[in-house]
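Remarks on the overall topology
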Amino acid sequence: MFSHCWPSITTSVHPTHESQRLLAIADELCPQVSAIAPSSHAPLIDTLDEIYGTKEFKLKAYESLGGAVRIPTVCYDDLGAPEEDSRWKVFDDFHTYLEQRFPKVHVTLQRTKVATYALVYHWQGTDTSLKPLLLAAHMDVVPTNAATEADWINPPFSGYYDGEWIWGRGSCDDKPGVIGIMTAIEALLEQGFKPTRTVILAYGIDEERGGPTGAAAIGKYLVNTYGKDSISMIVDEGGGYSDLSGTVFATPAVAEKGYLDVRVDVLTPGGHSSRPPKHTGIGILASVVTELEANPHVPKLARDRTYYQGLQCRAKYDAGFPSDMRKLVIESQTSDEKLHELETKLDDFDPAYSASAGTTQAIDIIYGGVKVNALPEAVYAIANHRIADHSSVSELQDRFASIVAPVAAKHNMSVDAFGKPIGSEAPTWGLVKVSDAFASALEPAPVTPTTGSGPYELLSGTVLSTLKTNLRTDDFPESSVVSPGLSLGRVALLMRTQKHLIMRFPDTRHYWSLTKHIFRYGHRGTTDGYNGAHTINEAIKAEGFLEQIRFFTRLILNADETDLLE
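Let me sum up the structure you'll find in this document. In this text the structure is predicted, and so the values were computed from the model without any measurement. (Residues numbered from 1 in each chain as written. Predicted model: local features only at pLDDT ≥ 70, side-chain atom pairs only at ≥ 80, totals over all residues. Heavy atoms only, no water.)

Here we look at the overall build of the protein chain
Within the protein chain, the secondary structure is distributed over 15 helices and 20 strands. On C-alpha atoms alone, the protein chain measures out to a radius of gyration of 26 Å, which is about the 24 Å that the 2.2 N^0.38 rule sets for 566 residues. Dimensions of the protein chain, computed from C-alpha atoms along their principal axes, come out at roughly 85 × 75 × 50 Å. By sequence separation, contacts in the protein chain at least 24 residues apart represent 79% of the contacts at least 6 residues apart. A total accessible area of about 23,300 Å² is found for the protein chain, and carbon and sulfur atoms account for 51% of it. Charge centroids of the protein chain, computed over 51 positive and 71 negative side chains, lie 2 Å from each other. (Helix = DSSP H or I, 4+ residues; strand = E, 2+ residues; numbered from the N terminus. Rg over C-alpha atoms; globule rule 2.2 N^0.38 Å. Contact = heavy atoms within 4.5 Å. Areas by Shrake-Rupley, 256 points an atom, 1.4 Å probe, with all protein chains shown as cover. Lys, Arg positive; Asp, Glu negative; His and termini not counted. Charge placed at Lys NZ, Arg CZ, Asp CG, Glu CD.)

Thoughts on the nonpolar core
Counting 89 residues, the largest nonpolar core has Leu 201 and Tyr 203 as its most contacted members. For this core, the element with the most residues is helix 15 (residues 542-561), which contributes 10 residues. Setting aside residues up to four positions removed in sequence, Leu 201 forms contacts with Leu 109, Leu 119, Val 120, Tyr 121, Leu 134, Leu 135, Ile 181, Met 182 and Ile 185. Within the second largest apolar cluster, 26 residues are counted, among which are Val 288, Val 289, Val 379 and Ala 401. (Core = buried A, V, L, I, M, F, W, Y, C linked by side-chain atoms within 4.5 Å. Buried < 20%, exposed > 50% of the residue type's maximum accessible area, 1.4 Å probe, protein only.)

So, the pairing of strand 7 (residues 247-250)
Neither face of strand 7 is open: one carries Thr 247 and Phe 249, the other Val 248 and Ala 250, and all of them are buried. Summarising the sheet, strand 6 (residues 233-244) and strand 7 pair through 4 bridges and their orientation is antiparallel. When the sheet's bridge partners are listed, Asp 243 is paired in strand 7 with Val 248. Taking the residues between adjacent antiparallel strands as the criterion, strand 6 and strand 7 are bridged by 2 residues, where Ser 245 takes a positive phi near 55°. Inspection of the sheet shows strand 7 paired to strand 15 (residues 479-482) by 4 bridges, in the parallel sense. Along strand 15, the bridge assignment pairs Ala 250 with Val 482. (Pairing = 2+ DSSP bridges.)

Quick notes on the packing of helix 2 (residues 42-52) against helix 15
Taken N-terminus to C-terminus, the directions of helix 2 and helix 15 make an angle of 165°; their axes are 11 Å apart at the nearest point. The orientation of helix 2 with respect to helix 15, classified from their angle, is roughly antiparallel. Crossing handedness for the pair helix 2 and helix 15: right-handed. Within the contact between the two elements, helix 2 uses Leu 44, Ile 45, Leu 48, Asp 49 and Tyr 52 and helix 15 uses Leu 546, Ile 549, Arg 550, Thr 553, Arg 554 and Leu 557. (Axes fitted to C-alpha atoms, helices over the stretch in contact; angles between N-to-C directions. Parallel < 35°, antiparallel > 145°, perpendicular 65-115°, else oblique. Left-handed = near helix turned anticlockwise from the far one by under 90°.)

Section: the pattern of salt bridges
Scanning the entire structure with this criterion turns up 22 salt bridges. Residue Arg 554 pairs with Asp 49 through a salt bridge whose shortest N-O separation is 3.0 Å. Remark: Asp 49 occurs in helix 2 and Arg 554 occurs in helix 15; sequence separation between them is 505 residues. Here Arg 554 and Asp 49 have matching classes, each one buried. For the salt bridge of Lys 345 with Glu 341, the shortest nitrogen-to-oxygen distance reads 3.6 Å. (Salt bridge = Lys/Arg side-chain N within 4 Å of Asp/Glu carboxyl O.)

A few points about the state of the cysteines
In total, this model carries 1 disulfide according to the counting rule given. In this model, Cys 30 is linked to Cys 313 through a disulfide, with the two sulfur atoms separated by 1.9 Å. Torsion about the S-S bond of the Cys 30 and Cys 313 cystine: about 90°, corresponding to right-handed handedness. With a gap of 283 residues between them, Cys 30 in the loop between helix 1 (17-27) and helix 2 and Cys 313 in helix 9 (residues 306-317) connect regions that are remote in the sequence. Overall, the relative accessible area of 8% leaves Cys 30 in the buried class. Of all cysteine sulfurs in the structure, the one in Cys 172 sits closest to Cys 75, which takes part in no disulfide; the separation is 18 Å. For Cys 75, a relative accessible area of 4% corresponds to the buried category. (Disulfide = S-S within 2.5 Å.)

What about helix 7 (residues 214-226)?
The terminal C-alpha atoms of helix 7, which comprises 13 residues, lie 18 Å apart, in line with the 18 Å expected from a rise of 1.5 Å per residue. Those residues of helix 7 not exposed but buried are Gly 214, Ala 215, Ala 216, Ile 218, Gly 219 and Leu 222. Packed against the buried residues of helix 7 are strand 1 (110-114), strand 2 (118-123), strand 3 (133-138) and strand 5 (199-204). Just downstream of helix 7, Gly 227 is the residue with a positive phi angle, here 95°. (Expected span 1.5 Å × (residues − 1).)

Examining the side chain of Thr 553
As for its placement among the helices and strands, Thr 553 is situated in helix 15. Within the structure, the side chain of Thr 553 is placed 2.8 Å from the backbone oxygen of Ile 549, a separation counted as a polar contact. Not counting chain neighbours up to four residues away, the residues in contact with Thr 553 comprise Ile 45, Leu 48, Tyr 52, Ala 184 and Leu 188. (Polar contact = N/O pair within 3.5 Å; in protein donor to acceptor, adjacent residues only side chain to side chain.)

See below:
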């Protein structure tokens, strides 16, 4: 199932000691586990795969997703409290739909409504000493743009199945997660399955704005109900799989970058434009922006970080990986000099390197001036940051303030950076205020353990098993590997090129205290989305959705009989 790509390490028929050393190092890169298929539940999974392969089941499953898409559970950024804002009421319709479509789930599992519309399901296992498995998804979708609705091949909330694709908003993000899980459990219940390990389902209602109402309340509910560190593992939406030079790379995100929007306000005296100062507030703000962009964050390649782990997997298993870069990756395992050389080449080799291995900064909003003959008194800019997994919010804040302060001093401006005065207390001409723009600060997520960790091995083995036994009719590669992935905050990276960046901001940030084993992985191939999510012509390939159902089924059964989980 696995094949190495080790040409060019040695060019001699008589390998030198050095080439043998490098080969030994190379063999240790990106270790893989064997595919894990249910053992005691083998007859059950065989029966279910037969059922899943029938036309009757497929059409019913595809219509389950299509029906869910037809309910426009749109998440708006300005939603009020559920009890005050009528736009939430569409979730009542979605709840009713789930009850009608999955009757056995609602007879067997205990359902709890949290924050009125978020849902938590409890499927009691027979062995209470085992920590539960938590599967998460979200019911909400982003709005469509009225100006582009005519550009959709099929209407955005049609849920239409054309024989290959299921169309509509939410068909990729994230109703396949909700419906895929429910379909798998309904099928298991129809076969009389009773879990040994408790299974919990958590469905958010406003993931598309960060989960302040849904996932935040779910997180508190789960901690109050089950306790901290009470869950064996969490699987939420996120990474998927893609074909790299004939090998399928599955990339569950095990790390997630932090987040901070920084607002810079420049406050200066107003007046008539006929008597301007040497620099207006807009000019000073422009100097601040120029200085920020002249000092970008430098990405850092570290051996113990997720990006480097993924790079090792590419070097070992991607046949299209350049041989000189492959050799450099191997040599960088033990040589700091080669690690630095690799670091210098990655910007040209991988367009996503800087966004993956370092903190990013983008000045996205700027505002200033109200009239052409009036000096601006208050202007501002907002910079968006995704904080590297080796950094922190405080480190970013300190660095930002250190860049802004000299510019302010040059213009006789005082500085207030995140509530703290900087520099001289003498009277100044104006104020530069640096703050958290939207109270959005989020530390990088705790990194989920990978190699040698039971939950990671279980997930990896389940992914490989699902890929190996796929029911697809397309030309699907036989070879597959699992590589640790990285979520960029609102972007989950499948390491290849920028076209494989998928917008995400998982609800799991509200679940950190429940377990250290959190995986952002939805088992969807990059070619299973017609045009991505959050845009026109969102659609999922029906066969890809079927594979998601198969993945959730195998995960539940594997978790039920494994000794790799607590």
